[in-house]
Amino acid sequence: ELAPAPVLGVGVGTPGVIDPTGVVLRSTNLAWRDVPLAQTIATRTGRPTHVGNDTSLAALAEFGAQEGDASNLMLVEISDGVGAGIVLSGAIHRGEAWAAGEIGHLLAVADGDVCTCGKQGCLETVASVPNILKTAGVKANGHLDTDHPGLVSAVERAADHVGAVLAAAVAILDVHHIVLAGPLNAFELMK
């Protein structure tokens, strides 16, 4: 009732593996499993609802904003987790089990920390913003002290691991347009 025009539908982007019907099959960072999010929202709003992976939808938006004739793009989001949205030949690539782009759960550090997914040494354990801050000994309080001892080295370590994973992804997918997304102040440290 607050919309200035008729609401035709609802679109939601959320972290996790989402099937085509809008069921969040799993989202380790939200501790969700088999959540019928699209159906729940559609029932409550009375409007058609589409739910997709947040990073995949961001990649599609970035692809639409690109100038030139690029048909492939990978958007890598580094925030509470690490994930990638992949656009191949102009369409979101979701994979056979709708889990394409879950690069945060690729091995980055042999014998590393245990990840929220239960595996050990995942990229998220060294490259998510909370884990970068933890490695540097910085408390997350909304303000990032870029002069904090250890922060630059923690970010550089994370960037090395992200770079190694992305090098493999580029070699496999032959995608040359890579977009990094996440908190701006984290990327300022990577200059």
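To continue, consider the overall build of the protein. Each helix and strand counted, the protein has six helices and nine strands in total. What you see for the protein is a C-alpha radius of gyration of 18 Å, in line with the 16 Å of a compact globule of 191 residues. Dimensions of the protein, computed from the C-alpha atoms along their principal axes, are close to 50 × 40 × 35 Å. Here the protein, with 191 residues, has 36% of them falling under the buried criterion. Of the accessible surface of the protein, which amounts to about 10900 Å², a share of 55% is contributed by carbon and sulfur atoms. For the protein, the centre of its 10 positive side-chain charges and the centre of its 20 negative side-chain charges are spaced 9 Å apart.

At a minimum axis separation of 8 Å, helix H4 (residues 129-136) and helix H5 (residues 151-173) run at an interaxial angle of 135 degrees. In terms of orientation, H4 lies oblique with respect to H5. Our pair here, H4 against H5, has a crossing hand that is right-handed. When H4 is examined against H5, the residues Ile-132, Leu-133, Thr-135 and Ala-136 are found in contact with a partner set consisting of Leu-151, Ala-154, Val-155, Arg-157 and Ala-158. Considered class by class, the residues forming the contact of H4 with H5 number seven nonpolar, one polar and one charged.

A few words on the state of the cysteines. In this structure the tally under the stated criterion is zero disulfides. Lacking any disulfide linkage, Cys-115 is separated from the closest cysteine sulfur, that of Cys-117, by 3.9 Å. The cysteine Cys-122 is free of any disulfide, with Cys-117 supplying the nearest cysteine sulfur at 3.7 Å.

Another aspect to go through is the sheet that holds strand S7 (residues 82-88). Here we have four strands laid out as an open sheet, ordered S8-S7-S6-S9, and mixed in their pairing. Only two strands of the sheet have a single partner each, and these edge strands are strand S8 (91-92) and strand S9 (178-181). Taken strand by strand, H5 contacts strand S6 (73-78), S7 and S9, and its axis lies near 160 degrees from that of S6.

Here we take up the nonpolar core. Grouped together as the largest cluster of nonpolar side chains are 25 residues, with contacts concentrated most on Met-74, Val-76, Val-82, Ile-103, Leu-123, Ala-127 and Leu-151. At the level of elements, S6, S7, helix H3 (124-127), H4 and H5 are the ones that each hand at least two residues to this core. Contact partners of Val-76, with chain neighbours within four places excluded, come to Val-82, Gly-83, Ala-84, Ile-103, Leu-166, Ile-178, Val-179, Leu-180 and Ala-181.

Once that is clear, we can look at helix H2 (residues 54-65). An α-helix turns once every 3.6 residues. As a result, residues three or four positions apart point the same way. Compared with an ideal rise of 1.5 Å per residue, which puts 12 residues at 16 Å, H2 spans 17 Å between its outermost C-alpha atoms and is within 8% of the ideal. Contacts made by the buried residues of H2 are with strand S5 (49-53), S6, S7 and S8. With a side-chain oxygen positioned 2.9 Å from the backbone nitrogen of Thr-55, the residue opening H2 is Asn-53.

The next point concerns the environment of Leu-151. One can find Leu-151 in helix H5. Separated by 18 residues in sequence, Leu-151 and Ala-169 place their C-alpha atoms 27 Å apart.

So, about the sheet that holds strand S2 (residues 17-18). As summarised here, the arrangement of the three strands in space is S2-S3-S4, forming an open sheet in which the pairing is antiparallel. With partners counted over all chains shown, the strands left at the sheet margins are S2 and strand S4 (32-35), one partner each. Where S2 meets strand S3 (residues 24-27), two bridges bridge the pair, whose relative direction is antiparallel. When the bridges of S3 are listed, Val-17 appears paired with Arg-26.

Empty space within the largest pocket amounts to approximately 400 Å³. Looking at the largest pocket, it is lined by 23 residues, and the ones nearest its centre are Pro-15, Gly-16, Asn-29, Glu-102 and Glu-124. Counting only elements with at least two residues in the lining of the largest pocket, the list comes to S3, H2 and S7. A per-element tally of the lining of the largest pocket places S7 first, with three residues. A class-by-class count of the residues in the lining of the largest pocket yields six nonpolar, 11 polar and six charged.

Thresholds applied
Residues numbered from 1 in each chain as written. Predicted model: local features only at pLDDT ≥ 70, side-chain atom pairs only at ≥ 80, totals over all residues. Heavy atoms only, no water. Helix = DSSP H or I, 4+ residues; strand = E, 2+ residues; numbered from the N terminus. Rg over C-alpha atoms; globule rule 2.2 N^0.38 Å. Buried < 20%, exposed > 50% of the residue type's maximum accessible area, 1.4 Å probe, protein only. Areas by Shrake-Rupley, 256 points an atom, 1.4 Å probe, with all protein chains shown as cover. Lys, Arg positive; Asp, Glu negative; His and termini not counted. Charge placed at Lys NZ, Arg CZ, Asp CG, Glu CD. Axes fitted to C-alpha atoms, helices over the stretch in contact; angles between N-to-C directions. Parallel < 35°, antiparallel > 145°, perpendicular 65-115°, else oblique. Left-handed = near helix turned anticlockwise from the far one by under 90°. Contact = heavy atoms within 4.5 Å. Nonpolar A, V, L, I, M, F, W, Y, C, P; charged D, E, K, R; others polar. Disulfide = S-S within 2.5 Å. Pairing = 2+ DSSP bridges. Core = buried A, V, L, I, M, F, W, Y, C linked by side-chain atoms within 4.5 Å. Expected span 1.5 Å × (residues − 1). Polar contact = N/O pair within 3.5 Å; in protein donor to acceptor, adjacent residues only side chain to side chain. 1 Å grid on protein atoms, 1.4 Å probe; cavity = no way out; pocket = protein on both sides within 12 Å on 5 of 7 lines; lining within 4 Å. Points joined across faces, edges and corners; volume = space filled by probe spheres on them.

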